[in-house]
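# Chains, contacts and geometry: an overview
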Amino acid sequence: MKWNQLVLAFFTLGTTITSVAQNKIIIPEPFQITTNTGTYTLPKNIVINTSNETKDLAAEISATFKNIKDAQVNISSTKGDIQLFLNDNPTLGKEGYTLNVNEKGITIAANTKAGLFYGWQTLCQLMPATMNKKNATNKVQIDYVSILDKPRFEWRGLMLDVSRHFFTKAEVKRYIDDMVRYKYNILHLHLTDDQGWRIEIKSMPKLTEVGAWRPERKGKWANITAPSIDEPKTYGGFYTQEDIKELVAYAKSKFVDIVPEIDIPGHSMAILAAYPELSTVPTNNYQVNAGQGFIDWGGLNGHITARIENTLNPASEKVYTALDKIFGEIATLFPFDYIHMGGDECPKNNWEKSSEVHELMQRENLKNQQEVQSYFVKRVEKIINSKRKKIIGWDEILEGGLAGNAAVMSWRGMKGGIEAAKQNHKVVMSPNDYTYIDYYQGEVTAEGKVYQGLRLNRTYQFEPVPEGVDPSMILGGQANLWTEQIQNIRNAEYMTYPRALAIAEAIWSPKEKKNWTSFSNRVEQHFDRLDAAQIKYAKSIYDPIVKTTLNTKGEFHVTMEGEIEGLNFYYTIDESMPDDFSSKYVTQFNLPEDVSILRVISYRNGKQIGKLLNIPMESLKTRAVKVL
Ligand code: ACM
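Values in this document were obtained by computation on a predicted structure and should not be read as measured data. (Residues numbered from 1 in each chain as written. Predicted model: local features only at pLDDT ≥ 70, side-chain atom pairs only at ≥ 80, totals over all residues. Heavy atoms only, no water.)

### Examining the sheet that holds strand 20 (residues 407-410)
One closed barrel holds the 8 strands; their spatial order is 9-10-15-18-19-20-21-22, and the pairing between them is parallel. Recorded for the sheet is a direction-independent mean angle of 30° between the axes of neighbouring strands. Pairing between strand 18 (residues 338-342) and strand 19 (residues 390-394): 3 bridges, direction parallel. The residue of strand 19 that forms the bridge with tyrosine 338 is lysine 390. Across the sheet, helix 11 (residues 369-386) touches strand 15 (257-264), strand 18 and strand 19, and the angle it forms with strand 19 is around 145°. (Pairing = 2+ DSSP bridges. Helix = DSSP H or I, 4+ residues; strand = E, 2+ residues; numbered from the N terminus. Axes fitted to C-alpha atoms, helices over the stretch in contact; angles between N-to-C directions. Contact = heavy atoms within 4.5 Å.)

### Describing unusual backbone geometry
Most peptide bonds adopt trans geometry, and most residues besides glycine take a negative phi value. Of note, the bond from isoleucine 27 into proline 28 is cis; its omega dihedral lies within 30 degrees of zero at 0°. Within the secondary structure layout, proline 28 lies in the loop between strand 1 (18-20) and strand 2 (32-41). Here the amide bond leading from tyrosine 497 into proline 498 is cis, since omega sits at 10°, within 30 degrees of zero. In this structure, proline 498 sits in the loop between helix 16 (489-496) and helix 17 (499-508).

### Description of the sheet that holds strand 23 (residues 545-550)
Strand order in this open sheet of 4 strands is 27-24-23-31, and the pairing throughout is mixed. Edge positions in the sheet fall to strand 27 (589-591) and strand 31 (625-626), since each of these pairs with one other strand and no more. In this structure, strand 24 (residues 556-561) lies alongside strand 27, joined through 3 bridges in antiparallel fashion. Counterpart to histidine 557 in the pairing with strand 27 is asparagine 590.

### Some remarks on helix 10 (residues 355-364)
Those residues of helix 10 that fall on the buried side of the exposure criterion are Val357, Leu360 and Met361. Summarising the axial view, the buried residues of helix 10 lie within an arc of 100°, below the 170-degree limit, and thus occupy one face. Facing away from the buried side of helix 10 by over 90 degrees, the exposed positions are Ser355, Gln362 and Arg363. Turning to helix 10, the residues buried within the fold contact helix 9 (349-353) and helix 11. Following helix 10 by one or two positions, asparagine 365 has its phi on the positive side, about 60°. (Buried < 20%, exposed > 50% of the residue type's maximum accessible area, 1.4 Å probe, protein only. Arc of directions from axis to C-beta.)

### Some details on helix 4 (residues 169-180)
For helix 4, built from 12 residues, the straight-helix expectation of 16 Å at 1.5 Å per residue is met to within 8% by its first-to-last C-alpha distance of 17 Å. Residues of helix 4 that are buried sit in contact with helix 3 (113-126), strand 9 (155-161), strand 10 (186-190), helix 6 (241-253), strand 22 (474-481) and helix 16. (Expected span 1.5 Å × (residues − 1).)

### Here's the deal with the packing of aromatic side chains
Evaluation of the coordinates by the stated rule reveals 25 aromatic pairs. With a centroid separation of 5.8 Å and 50° between ring planes, the pair formed by tyrosine 460 and tryptophan 516 is classed as tilted. Here tyrosine 460 is found in the loop between helix 15 (456-459) and strand 22, whereas its partner tryptophan 516 is found in helix 18 (residues 516-532), with 56 residues between them in sequence. Exposure remark for tyrosine 460: the relative accessible area of 5% places this residue in the buried category. A relative accessible area of 22% places tryptophan 516 in the partly exposed class. Ring geometry for tyrosine 585 and phenylalanine 589: centres 6.1 Å apart, planes at 65°, overall edge-to-face. Phenylalanine 589 shares its class with tyrosine 585; the two are buried. Cluster of aromatic residues (ring-pair linked, three or more members): Trp394, Trp411, Tyr436, Tyr439, Tyr451 and Trp482. The ring of tryptophan 508 has lysine 183 sitting right over it, with the charged end atom 5.5 Å from the ring centre. The ring of tyrosine 434 has arginine 458 sitting right over it, with the charged end atom 4.1 Å from the ring centre. (Phe/Tyr/Trp six-rings, centres within 6.5 Å; stacked < 30°, edge-to-face > 60°. Lys NZ or Arg CZ within 6 Å of the ring centre and 35° of its normal.)

Below you can see the structure in the form of structure tokens.
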């Protein structure tokens, strides 16, 4: 702040000194924040001032304050220590808010209830982490602050795959509770896939009677024993339509819209288990996939090839009749404008062999299988539009020509999103190399391999608007949690946090305010908040990034980097357990012949902070980059 601004601030605010703040705690970083000297202490008898219109939010807020030891909370329509105001401030838009804390108390103002809700989420972060625990706090003090905040994007999404593993209604509600702390407003539910159909469709009951169940398997994804036909199918579950209504209403009460995804024409083995007649290869042997591998990803001519068929027949009118019923019911259940039709990773080896598909190609003058897929997507778009909904799909829906008004969710990097935006289609950016939070997030031998690595510092570099693209075409961004290898909600949380905090900042905060050092410091403070709220999260930022090189003499060298500043790494290569008396990593070192394991541990300020990493030589060799 310039001197003359400081003087002006001094005189306008009386005895208070104002300065543009270095935000030390809030995630995502607010649009604008000013700190003032002084601290406000909430009284024991807290009064929340609210109008009738925002009474429900005031009730929710008062429930949190009841965690404060001996606190009394009352709601008043005339005055209060915390004031909630609906106003009409054009700079705030639909979701922005102002939050002021000063000697008079706390004021949150916004144009909408959503804005007030986000102001409240920010206020929660300014209060002690222990507010999440009953009786853990008896004094709530907040430094004077003045915040004007609003989101950069309207689509701030998290995707939860409830097909590969089913998550109960209560678990989905908890996932919503957690995401809104960081101002996410879209929950994309991946409701169907080869491994399970998760939503009741009354006109097609077998989708859930058959399609929601498989035998339970433990073990590594794609290395799992295939189910036999007569094996009991007891693992899975689905949401009834009443459950869905409850979830939609619950999400709405927290200003979250649910986007339903029905993934077609590929990823449809669960549909075929229920209705095999919808396949180009109708047999009665289809089963819901239990996690066994069945696709060659780089198969024939670089195309995806299914060893067990998992696609709908694009040439069958029965398929479009079924989809009309399914999307008809989906449209009545989900009030959000968009329905997601998937469209990704569709093997076409059985389409190529199908006489029906050949006839379709002749009749419709379709030159190749991409155009067949495009024909399918356009038919689906017509169905979805006929239900007064808009269609969105993964970026494969671009192949063979994009349907009229379809929006694209770009997952294979940003390429598809750039192409769609250039064709004037709306885009949600969810590039796998920045936002796929199912990928492992630290040392692979400690975390377990899930496709590829994605550390927090890389996630933080996500920028939804690529160079040269009209920003008005980008609806926003999304992190995707696929659950092939996530068996329970605690693991879902572990993979989501803290990377969802990085994505939240990419899609809410001004681009120019992003700063890794500031963010990583704030993340560490949020670990206390996540602990208090009993949300599981990964501490992989404390583990070194271990790389190896192999030179022409056949020697392996190891390098270690910290993801954040201030870490010291201690290691052994003689099989012993390391501590801070072991070799301290300073620069790259050689791995002598016969070394079988590298053990590493990280410390900060003399205290162990990272987990013990045990990295076998085999893994060090596999990751080696050759240097000439
Ligand atoms: C995807 O990850 N297959 C959309």
